[in-house]
Amino acid sequence: MNMPKEAFGGDDSSGGGDGAKKKPGLSRFGLSPDINIRDVFWKLMTSYADTKKPGMELSTLENDRFSLMRAALSVLSGKQGEQYDLSPGDIAEYSVMMMVDGHWNDALMSFLVEGAEEQVVRKEMVHALKKLFGIEAYHAAITEVCSALLRKQDTTGVALYYIAEVESLDMAKALRKELMIIARGGIGEEQMNAIKAIALIKNDEDVKRSFMVLLSHWDSQTRLAAAEVLKDMKDDKDVKAAAAKRLPVETDAKIKAILGSIAQ
């Protein structure tokens, strides 16, 4: 994943006025053959804000799905939603809803990947995914998209970031096998995110064993992450035995202290 950029600079097209801003009504966007895609985007966003529905037949916009996705990214990057009384969080949430409702998984995948390149934007993405994960209609689609991203070599890191930050027990269960493989065999940030995600289901026997194996990992950061998870399971006899076995050969003082607290 690219290094995050600090975002939310850019244009602010709001002009002067004589008082409080008024939220434009949907009637402002009378569709015509030559309508601008950004106007279509705002019609969709204001409809979701008012009704939680698109207000348009999304199947007729399928060929424009990537243009709408890029309009969403442009607004999020430029903080241009204020004139519509919509926060960046609203835009991220309604944009994900739009893509899920339209069955535009390919556009949603690109939205998450490109949005992750900017630090503030990706935080809004996480908040949107967390909120929508609690709604049954969006739960399965978001899991499916994150799973697809996880399995693509060039987007694994992005997927792991979202999976770890969303902190969904259900998603951790659904992606349990993939997350265990990366937790045990990955490196760096990807491995840490896999460990964070799968720690949600640490009581699963296979997951617990994976963390016990990681106590002997060559990297001290990985051993520390595993020990931090297992310290909450110190009443488990298997965990206690694994900590006692590792304790005499552990060289890192912080890890050694945690192992000692587990083994006692």
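Predicted model only: the values in this text are computed from it and were never measured.

K.L.:
Please explain unusual backbone geometry as it appears in this structure.
P.N.:
Only a minority of non-glycine residues have a phi that is not negative, and only a minority of peptide bonds are not trans. A positive phi angle is found at H103, which is not glycine, with a value near 60 degrees. Inspection of the secondary structure puts H103 in the loop between α3 (88–101) and α4 (105–115). Residue H103 is classed as exposed on the basis of its relative accessible area of 69%. Phi angles above zero are rare outside glycine, and E167 is one such case at about 55 degrees. With respect to the helices and strands, E167 occurs in the loop between α7 (156–166) and α8 (169–174).

K.L.:
I'm lost on the side chain of H217 in this one. Help?
P.N.:
Counting through the fold element by element, H217 comes out in the loop between α11 (205–214) and α12 (220–230). H217 gets classed as buried once you look at its relative accessible area, which sits at 12%. Polar side-chain contacts of H217 include one of 3.0 Å to the backbone nitrogen of D219.

K.L.:
Is there a simple way to think about the confidence of the model for the chain in this case?
P.N.:
As a note on interpretation, predicted positions should not be read in detail where pLDDT is low. Looking at the chain, the pLDDT average stands at 87 and 85% of residues meet or exceed 70. Low pLDDT (under 50) marks residues 2–31, which in the prediction has 53 contacts with non-local residues, meaning those over four places away or in another chain.

K.L.:
How should the nonpolar core be read in this particular structure?
P.N.:
Counting residues in hydrophobic clusters, the biggest one holds 86 residues, and the most contacted among them are M45, F111 and F211. Not counting residues up to four positions away in its chain, the partners in contact with F111 are M69, A72, L73, L76, A92, S95, V96, M99 and M125.

K.L.:
Please explain the packing of aromatic side chains as it appears in this structure.
P.N.:
The way to describe two aromatic rings as a pair is by their centre distance and the angle between their planes. Counting across every chain of the model gives 3 aromatic pairs. Ring geometry for F41 and W42: centres 5.3 Å apart, planes at 70 degrees, overall edge-to-face. Under the relative-accessibility criterion, W42 is labelled buried at 2%. Measuring from ring centre to ring centre gives 6.3 Å for Y48 and Y94, while their planes differ by 15 degrees; the resulting arrangement is stacked. One end of the pair, Y48, is in helix α1 (residues 37–51); the other, Y94, is in helix α3, with 46 residues separating them in the sequence. Over the aromatic face of Y161 sits the side chain of R122, whose NZ or CZ is 4.7 Å from the ring centroid.

K.L.:
Can you walk me through the pattern of salt bridges in this structure?
P.N.:
Pairing of side chains with opposite charge becomes possible as their charged atoms draw close. For the structure shown, the criterion picks out 16 salt bridges. The closest approach of N and O atoms between D206 and R176, which form a salt bridge, is 2.5 Å. Placement of the pair is D206 in helix α11 and R176 in helix α9 (residues 176–185), with a sequence separation of 30 residues. One network of salt bridges, with partners in common, ties together R176, D204, E205, D206, K208, R209, D236 and D238.

Parameters at a glance
- Residue indices follow the written sequence of each chain, beginning from 1 at its first position.
- Under the rules for a predicted model, residues below a pLDDT of 70 receive no local features and side-chain atom pairs below 80 are neither given nor counted, while totals for whole chains, interfaces and linings still include all residues.
- With hydrogens and water set aside, each side-chain value is computed from the structure's full complement of heavy atoms.
- In this text, helices come from DSSP runs of H or I with a minimum length of four residues, and strands from runs of E with a minimum of two, each type numbered from the N-terminal end.
- Burial classes: relative accessible area under 20% of the type maximum marks a residue as buried, over 50% as exposed, and values in between as partly exposed (1.4 Å probe, protein chains only).
- Within 3.5 Å is the distance limit for a polar contact, defined as a pair of N or O atoms, with the added protein rule that one can donate a hydrogen and the other accept it, and that residues adjacent in sequence qualify only through two side-chain atoms.
- pLDDT: the predictor's confidence for each residue, scored from 0 to 100.
- Residues count as neighbours in contact if any of their non-hydrogen atoms are within 4.5 Å of one another.
- Side-chain atoms within 4.5 Å link the members of a nonpolar core, which is a set of buried Ala, Val, Leu, Ile, Met, Phe, Trp, Tyr and Cys residues.
- Planes of paired rings set the category: under 30 degrees apart is stacked, over 60 is edge-to-face and the rest tilted, where pairs are Phe, Tyr or Trp rings (Trp by its six-membered ring) whose centres lie within 6.5 Å.
- Charge over a ring is defined by NZ of Lys or CZ of Arg lying within 6 Å of the ring centre and within 35 degrees of the ring normal.
- One side-chain nitrogen of Lys or Arg within 4 Å of one carboxyl oxygen of Asp or Glu is enough to make a salt bridge.

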